[in-house]
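Structural features, examined
Listed below, chain by chain, are the residues.
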2 protein chains.
Amino acid sequence: MSAETGRTGRRAGESGTRQAILEAARRRFAEHGYDGATIRGIAADAGVDPALVHHFYGTKERLFVAALRFPIVPSEVIGRVVGTDRERLGETIVRTVLGVWEAKETRAQSLALLRSAVTNEQAATMLRGFVSSAILGTIATVAEPEDAEYRASLVASQIVGLGMARYIVGLEPLVRAGVDDLVAAVAPTLQRYLTGEVRAPG
Amino acid sequence: MSAETGRTGRRAGESGTRQAILEAARRRFAEHGYDGATIRGIAADAGVDPALVHHFYGTKERLFVAALRFPIVPSEVIGRVVGTDRERLGETIVRTVLGVWEAKETRAQSLALLRSAVTNEQAATMLRGFVSSAILGTIATVAEPEDAEYRASLVASQIVGLGMARYIVGLEPLVRAGVDDLVAAVAPTLQRYLTGEVRAPG
């Protein structure tokens, strides 16, 4: 009992519980995808009350972000992005993403996520569901309503490719370019994908 | 000696020699990069005459392509691409790349290459050198001369991202879209990167 009442003991207990919740979350997200996994199910697997999961992590998104060691909470960043001037969406998005990648603290985590999505089918499935629900859904609210998710996915393709080419493959001309140069080059692409002329698929 | 004169023996001998050359090539390309590796050095490592390497593989590019199990010979495909109408370069490039990815025979190899570049630093180094020398160099010959390699690298970033998003992460709206839809959406991006207004970096 001293482990639950002593100062160090309490800490170890809480950290152990958090660990159990994160592990249960990773298993559930992997098995059921982001949409299919529930906080109730994760709590059951971890042997704790769902209220405790809510207390520790708040929302399912925040639990996912913690379980997969995301460098940021996407909805917070995206919330700031979509609140800006519609005519400058492309610029705001690429500048925000490059900001996350350029910062030492968040770059390694971002690249680790990208790597796992490429090499691990389970990680890809989890990320796919999350990106569709939490990221593309929000970006789609500011795109032209027709085919908003298609437009948001095109944005994602250019963003992912820029990250790959500059930070992972390391193509020299993109490594040497400054953030402002890349923003100037890529922003019009994203802006067109979101609000410009894009033929509806099908 | 029968192994070198008998029918089956000769085949096994040639196949063994080819195998030794490809293994030496992979080691040399990994150690010295695409530009630094020489056919002479690879032949020495494999214990054969350089003329035999030329006889089997022709150029250094073809040897690299065979050693890394490329699905295509890039310079041949790119040669066709850059010979087309300058105003339709963007369309031709994205249609050609999607053609390689859509074909069952070449898709698996392409994706395996992409995966290894993302997860293996040595593979990334080899590919980086090859892409810069053999691919970007050729594409750059048809871009605006100012910052031609920067322009070609921007093209590569969108192409790689499209491949990742459609074939590896599997974003639904891009998976569902037809090739013609994707060509219509992405071609103007590539065209602008190659021949449109792009601010010079620096």
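Structure shown above.
Here's a quick rundown of the structure. Here the structure is a predicted model, which is why all the values come from computation and not from measurement.

**Observations regarding the interface of chain A and chain B**
Contact with chain A, which involves 43 residues of that partner, is made by 43 residues of chain B. When the two sides are added together, the surface that chain A and chain B hide from each other amounts to roughly 3500 Å², 63% of it contributed by carbon and sulfur. Connecting chain A to chain B are two salt bridges. In this structure, Arg199 of chain B engages Asp181 of chain A in a salt bridge whose closest nitrogen and oxygen atoms are separated by 3.0 Å. Viewed at the interface, chain B and chain A are joined by 15 residue pairs in polar contact (both at pLDDT 80 or more). Looking at the side of chain A that touches chain B, the elements that each hand over two or more residues are helix 8 (104-119), helix 9 (121-140), helix 10 (148-168), helix 11 (172-176) and helix 12 (179-195) of chain A. Looking at the side of chain A that touches chain B element by element, the count peaks at 13 residues for helix 10 of chain A.

**Topic: helix 4 (residues 50-57) of chain A**
Think of an α-helix as turning once every 3.6 residues; residues three or four places apart then point the same way. Regarding helix 4 of chain A, the residues found buried are Val53, Phe56 and Tyr57 of chain A. Buried residues along helix 4 of chain A cover an arc of 75 degrees about the axis, so they all sit on one side.

**Things to note about the packing of helix 10 of chain A against helix 12 (residues 179-195) of chain B**
Where helix 10 of chain A contacts helix 12 of chain B, the axes come no closer than 12 Å and their chain directions differ by 45 degrees. Taken together, helix 10 of chain A and helix 12 of chain B sit at an angle that is classed as oblique. Both helix 10 of chain A and helix 12 of chain B take part in a crossing whose hand is right-handed. For the pair helix 10 of chain A and helix 12 of chain B, contact is made by Tyr150, Leu154 and Gln158 of chain A and by Asp181, Leu182, Ala185, Val186, Thr189 and Tyr193 of chain B, respectively. By residue class, the composition of the contact of helix 10 of chain A with helix 12 of chain B is six nonpolar, two polar and one charged.

**Points about the relation of the copies chain A and chain B**
Screw-axis analysis of chain A against chain B gives a translation of 0.0 Å along the axis, an RMSD of 0.0 Å, and a rotation angle of 180 degrees. Interpreted geometrically, this transformation is the action of a two-fold axis. Considering only C-alpha atoms, the part of chain A nearest the rotation axis is Gly161 of chain A, at 1.7 Å. Both copies share a contact surface, since 100% of the interface residues of chain A are interface residues in chain B too.

Thresholds, definitions, all that
Residues numbered from 1 in each chain as written. Chains lettered and ligands numbered in written order. Predicted model: local features only at pLDDT ≥ 70, side-chain atom pairs only at ≥ 80, totals over all residues. Heavy atoms only, no water. Contact = heavy atoms within 4.5 Å. Buried area = accessible area lost by both parts, 1.4 Å probe. Salt bridge = Lys/Arg side-chain N within 4 Å of Asp/Glu carboxyl O. Polar contact = N/O pair within 3.5 Å; in protein donor to acceptor, adjacent residues only side chain to side chain. Helix = DSSP H or I, 4+ residues; strand = E, 2+ residues; numbered from the N terminus. Buried < 20%, exposed > 50% of the residue type's maximum accessible area, 1.4 Å probe, protein only. Arc of directions from axis to C-beta. Axes fitted to C-alpha atoms, helices over the stretch in contact; angles between N-to-C directions. Parallel < 35°, antiparallel > 145°, perpendicular 65-115°, else oblique. Left-handed = near helix turned anticlockwise from the far one by under 90°. Nonpolar A, V, L, I, M, F, W, Y, C, P; charged D, E, K, R; others polar. Least-squares fit on C-alpha atoms with pLDDT ≥ 70 in both.

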